[in-house]
Every structure is written in C-alpha cells, then in structure tokens.
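# Analysis of the macromolecular model
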Amino acid sequence: MALFAINGLPVVIVDFLFRFGIAPGIFVGFAVYFITVEEIHWRIHLGEWLPPVLGAARAYHLAHHARSDARFNIFLPLWDLAFGTAGD
Ligand SMILES: [Zn+2]
C-alpha cells in the first residue's frame, strides 16, 4: 500500500497540475503490474507452473534469497544489470 501511495503521489500531482487526465489509466497499469509481480513471485516460491519464457526466473530469484545483497529483480533483471546487482 505504501509503495502504491509513494509511486502514485507524483502521478496525481502531475496529472492535477497539467490536467492530462491519465492518472486512472496509470493506476490501472500499476495495479496490473503489482498483481502480476506478486503472482509470479509466489509461483516461483511455491514451485508452481510458470510460462516457459520465465524458466530462468525461478533460479535467478531464489538466488536473491540465498544472497540478499544481489538479484533484486524478480523476473526481468533489467535494473540488476543497470546497477550491477545481478551478482555472480
Ligand atoms: Zn522471493
């Protein structure tokens, strides 16, 4: 909830100031993203089925729990690569 509020506040402010009218669509996108991330996260931990394209995500994410100072991304290590936290 706090993460949603922290990310949503700038959207509300910018949308209000410039009257873009896109905040509702952005919030729907946020909600879909967070639900998707949590679904994939739990499927990784519970050993449930994942789409074949996410086959490497399970080992990648579980390595994060073995070494908590690296591999922060759950299924797309874009930011880990950008910030050098992908680990060994
Ligand atoms: Zn996890």
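Residues numbered from 1 in each chain as written. Predicted model: local features only at pLDDT ≥ 70, side-chain atom pairs only at ≥ 80, totals over all residues.

## Considering the overall build of the protein
Going by this rule: Only DSSP runs of H or I with at least four residues qualify as helices, and only runs of E with at least two residues qualify as strands; both kinds are numbered from the N terminus onward. Our exposure labels follow a C-beta count within 10 Å of each residue's own C-beta, placed from the backbone: buried means 20 or more other C-beta atoms, exposed means 12 or fewer, and partly exposed covers the counts in between. By definition, residues are in contact whenever their C-beta atoms, placed on the basis of the backbone, come within 7 Å of each other.
Helix and strand counts for the protein stand at four helices and zero strands. Reading the helices (α) and strands (β) of the protein from amino to carboxyl end gives α-α-α-α. When its C-alpha atoms are laid out on the principal axes, the protein stretches across 45 × 30 × 20 Å. Residue burial in the protein is summarised as follows: out of 88 residues, 7% are buried. The contacts of the protein with a sequence gap of at least 6 include a subset with a gap of at least 24, amounting to 12%.

## Overview of helix α2 (residues 23–46)
The cut-off we apply is this: Under the convention used throughout, the expected extent of a helix is 1.5 Å for every residue step, that is, one less than its residue count.
The end-to-end C-alpha distance of α2, which contains 24 residues, comes to 34 Å, matching closely the 34 Å that a straight helix rising 1.5 Å per residue would cover. Across the 24 residues that make up α2, only a small minority, two, are buried. Just downstream of α2, glycine 47 is the residue with a positive phi angle, here 70°.

## Quick word on the domain arrangement of the protein
Note the cut-off: Domain delimitation in this document rests on an assignment produced automatically or drawn from a domain database. When residues are sorted by character, Ala, Val, Leu, Ile, Met, Phe, Trp, Tyr, Cys and Pro go into the nonpolar class, Asp, Glu, Lys and Arg into the charged class, and all the rest, Gly among them, into the polar class.
For the protein, the assigned domains are domain 1 (1–49) and domain 2 (51–88). Listed as interface residues are four residues of domain 1 and, on the opposing side, seven residues of domain 2. Considering only residue class, the side of domain 1 that touches domain 2 consists of three nonpolar, one polar and no charged.

## Some points on the confidence of the model for the protein
Quick note on the threshold: Per-residue confidence from the predictor is reported as pLDDT, which spans 0 to 100.
Chain-level pLDDT for the protein is 90 on average; 99% of the residues reach the 70-or-more range. Ranking the elements of the protein by mean pLDDT puts helix α1 (residues 2–18) last with 88 and α2 first with 94.

## Digging into the packing of α1 against α2
What counts is decided by this rule: A fitted line through C-alpha atoms represents every axis, and for helices the fit uses only the stretch in contact; the resulting angles, taken between N-to-C directions, go from 0 to 180 degrees. When an angle is under 35 degrees it counts as roughly parallel; over 145 it counts as roughly antiparallel; between 65 and 115 it counts as roughly perpendicular; any other value is oblique. Take the far helix as the reference: if the near one is turned anticlockwise from it by less than a right angle, the crossing is left-handed, and if turned clockwise, right-handed.
Contact pair α1 / α2: the axes reach a minimum separation of 10 Å and the direction vectors enclose 160°. Considering their axes alone, α1 and α2 lie roughly antiparallel with respect to each other. Here α1 and α2 pass one another in a crossing that is right-handed. Contacts between α1 and α2 involve Phe4, Asn7, Gly8, Val11, Val12 and Asp15 from the first element and Ala23, Ile26, Phe27 and Phe30 from the second. Its residues placed into classes, the contact of α1 with α2 shows seven nonpolar, two polar and one charged.

## Some remarks on the environment of alanine 63
Of note, alanine 63 is situated in helix α3 (residues 57–66). For the pair alanine 63 and glycine 87, spaced 24 residues apart in sequence, the C-alpha to C-alpha distance is 9.1 Å. When residues no more than four places from it in sequence are discounted, the contact partners of alanine 63 are Arg71 and Gly87.

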